[in-house]
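For reference, the chains in residue letters:
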Amino acid sequence: MKSIQRSLFILKLFFLFCGMFILGAQLGKLHAALRDCTPASASSESASWGLSFQTEGERPVGNASIEELRPYNAYYAEDTDAKKIYLTFDCGYENGNTPLILDALKKHQAPAVFFVVGNFISDNPELIKRIVSEGHIVGNHTMTHPDMSGISSLDAFQKQLDDVEELYESVTGEKMTKFYRPPQGIYSTSNLKMAKDLGYSTFFWSLAYVDWIQNQQPSKDEAFQKLLSRVHPGAIVLLHNTSATNGQILDELLTKWEDMGYQFHSLKELSDT
């Protein structure tokens with residue numbers, strides 16, 4: 001009798017261990033399935049463009065590298081040791097500083113890209129014509145300056161760009177250069193792909209400073225401290241046309257950069273590489 005009970009006890013242990021093994025295997029499969037459902041990379045999610053300046057005079061680290069952006073025809077700087085600067089201005093509205101900026105650019109024969117919102121074109125057609133006639137590029141900063149990363153439909157994404165293109169063509173009679181800058185620098189990889197599919201190159205920046213707060217404009221010294229110490233070969237510079245400081249200092253700023261050995265180049269050169 002005892003031998004039978006012992007055999008039954010051993011048999012129960014055997015089935016218990018088998019059950020535990022099967023349960024463990026199933027839990028392992030469930031864990032693997034859940035792991036495969038998580039995003040492969042945070043880069044596919046919405047992000048705000050950001051920079052980390054680590055060494056004075058050298059290109060900062062962006063939250064995406066030059067190599068990671070390249071497949072999307074997107075750029076934040078050029079990978080070069082040559083002292084080249086690419087000037088860009090974001091234009092939401094006009095408050096009298098753009099003519100001063102254009103005067104300084106003309107004096108230094110410095111090409112620039114003006115990324116404009118739709119209302120800037122409709123409110124300032126003569127200024128748009130001057131920008132174009134003096135050899136600059138008008139880029140697309142969207143019609144209404146929304147968070148484009150929240151737009152998942154290609155049609156809705158395209159409309160934000162097409163509406164600006166139509167305004168530009170109605171003023172200039174020319175097709176718009178397909179250069180795009182995401183409002184506030186907010187983007188996702190799906191947005192970058194949509195822009196590329198629509199024939200656009202996307203441009204972030206590798207040098208900027210807080211110049212857009214109208215009632216907290218930086219002083220001349222504050223502006224120079226940021227813009228001179230952080231300039232680097234291949235920099236894409238972002239300035240805002242609404243900044244009174246930029247209007248006042250641009251001529252001197254360009255002179256100082258030239259004295260440091262820098263030359264001004266068109267973004268067309270970068271986008272063709």
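Below is a short write-up of the structure. (Residues numbered from 1 in each chain as written. Predicted model: local features only at pLDDT ≥ 70, side-chain atom pairs only at ≥ 80, totals over all residues. Heavy atoms only, no water.)

### As for the overall build of the protein chain
Note the following rule: Runs of E in the DSSP output that reach at least two residues are strands. Runs of H or I that reach at least four are helices, and both are numbered from the N terminus. Type-normalised accessible area, obtained with a 1.4 Å probe on protein chains alone, sets the label of each residue: buried when under 20%, exposed when over 50%, and partly exposed for intermediate values. In what follows, residue pairs with any heavy atoms lying within 4.5 Å of each other are defined as contacts. Areas reported as accessible are Shrake-Rupley estimates using a 1.4 Å probe. Residue values count occlusion only from the protein chains shown.
Along its length, the protein chain carries 10 helices and 12 strands. Within the protein chain, buried positions represent 44% of all 273 residues. The contacts in the protein chain between residues at least 6 apart in sequence include a share of 73% that link residues at least 24 apart. Only carbon and sulfur atoms are counted for the fraction: they give 55% of the accessible area of the protein chain, which is about 14300 Å².

### Things to note about the nonpolar core
Operational definition: Grouping buried Ala, Val, Leu, Ile, Met, Phe, Trp, Tyr and Cys residues that are joined through side-chain atoms within 4.5 Å yields what is termed a nonpolar core.
Among the nonpolar cores identified, the biggest contains 38 residues, and Leu-87, Phe-89, Leu-105, Phe-114 and Trp-257 are the most heavily contacted of them. In terms of residue count, helix α9 (residues 244-259) provides more of this core than any other element does, 5 residues in total. The contacts of Leu-105, once residues within four sequence positions are left out, are Leu-87, Phe-89, Ala-110, Ala-112, Phe-114, His-136, Leu-250 and Leu-254. With 23 residues, the next largest nonpolar core counts Ala-77, Val-113, Tyr-187 and Phe-203 among its residues.

### Section: unusual backbone geometry
Phi is mostly negative for residues that are not glycine, and the peptide bonds are mostly trans. Phi at Thr-142 takes a positive value of approximately 80 degrees, unusual for a residue other than glycine. The residue Thr-142 is located in the loop between β7 (137-140) and α6 (154-172) in this model. Take Thr-142: its relative accessible area is 0%, and that puts it in the buried class.

### With respect to helix α3 (residues 98-107)
Formally: The arc in question is the one traced by the directions running from the helix axis out to the C-beta atoms.
Within the span of α3, buried status applies to Thr-98, Ile-101, Leu-102, Ala-104 and Leu-105. Taken down its axis, α3 places every buried residue within 160 degrees of arc, on the same side. Residues Lys-106 and Lys-107 are exposed on α3 and point more than 90 degrees away from its buried face. Buried-residue contacts for α3 involve β5 (84-91), β6 (112-116), α4 (118-123), α5 (125-133) and α9.

### Some words on the packing of aromatic side chains
The test is simple: Classification of ring pairs uses Phe, Tyr and Trp, with its six-membered ring standing for Trp, and accepts pairs whose centres are within 6.5 Å; under 30 degrees between planes counts as stacked, over 60 as edge-to-face, and the remaining range as tilted. Whether a charge lies above a ring is judged from NZ of Lys or CZ of Arg, which has to be within 6 Å of the ring centre and within 35 degrees of the ring normal.
The tally for this structure, following the rule as stated, stands at 10 aromatic pairs. Ring centres of Phe-89 and Phe-114 lie 5.1 Å apart, and the angle between their planes is 15 degrees; this geometry places the pair in the stacked category. Placement of Phe-89 in strand β5 and of Phe-114 in strand β6 is noted, with a sequence separation of 25 residues between them. Clustering of aromatic rings is evident, with ring pairs tying together Trp-49, Tyr-76, Tyr-187 and Phe-204. Sitting over the face of the ring of Phe-53, Arg-230 holds its NZ or CZ atom 4.4 Å from the ring centroid.

### Here's the deal with the pattern of salt bridges
As a reminder of what qualifies: Salt bridges, as used here, are contacts in which a Lys or Arg side-chain nitrogen is within 4 Å of a carboxyl oxygen on Asp or Glu.
All chains considered together, the criterion is met by 13 salt bridges. The salt bridge involving Asp-163 is made with Lys-159; its shortest N-O contact spans 3.1 Å. One end of the pair is Asp-163 and the other is Lys-159, both in helix α6 and 4 residues apart, which spans about a single turn. Of the charged contacts in the structure, one is a salt bridge between Lys-220 and Glu-252, with a shortest N-O distance of 2.9 Å. Here Lys-220 is found in helix α8 (residues 220-229), whereas its partner Glu-252 is found in helix α9, with 32 residues between them in sequence.

### Quick look at the packing of α8 against α9
The following threshold applies: Inter-axis angles, ranging from 0 to 180 degrees, are taken between N-to-C directions of lines fitted to C-alpha atoms, where helices are fitted over the stretch in contact. Roughly parallel means an angle under 35 degrees; roughly antiparallel, over 145; roughly perpendicular, 65 to 115; everything else is oblique. By convention, the crossing between two helices is left-handed when the near helix turns anticlockwise from the far helix through less than a right angle, and right-handed when the turn is clockwise. Polar here means any residue other than Ala, Val, Leu, Ile, Met, Phe, Trp, Tyr, Cys and Pro, which are nonpolar, and Asp, Glu, Lys and Arg, which are charged; Gly is therefore polar.
Here α8 crosses α9 at 45 degrees, and the two axes come no closer than 11 Å. Overall, the two elements α8 and α9 adopt an arrangement that is oblique. Crossing of α8 over α9 shows right-handed handedness. Here α8 contributes Lys-220, Ala-223, Phe-224, Leu-227 and Leu-228 to the contact with α9, which in turn contributes Thr-245, Ile-249, Glu-252, Leu-253, Lys-256 and Trp-257. Its residues assigned to classes, the contact of α8 with α9 comprises 7 nonpolar, 1 polar and 3 charged.

### What about the side chain of Lys-84?
Which entries qualify depends on this criterion: In the analysis that follows, any N or O atom pair within 3.5 Å is treated as a polar contact, provided that within protein one partner can donate a hydrogen and the other can accept it, and provided that, for residues neighboring in sequence, both atoms belong to side chains.
In this fold, Lys-84 is placed in strand β5. At a separation of 3.2 Å, a polar atom in the side chain of Lys-84 contacts the side chain of Glu-78. When neighbours within four sequence positions are excluded, Lys-84 is seen to be in contact with Glu-78, His-232, Pro-233, Gly-234, Ala-235, Tyr-262, Gln-263, His-265 and Glu-269.

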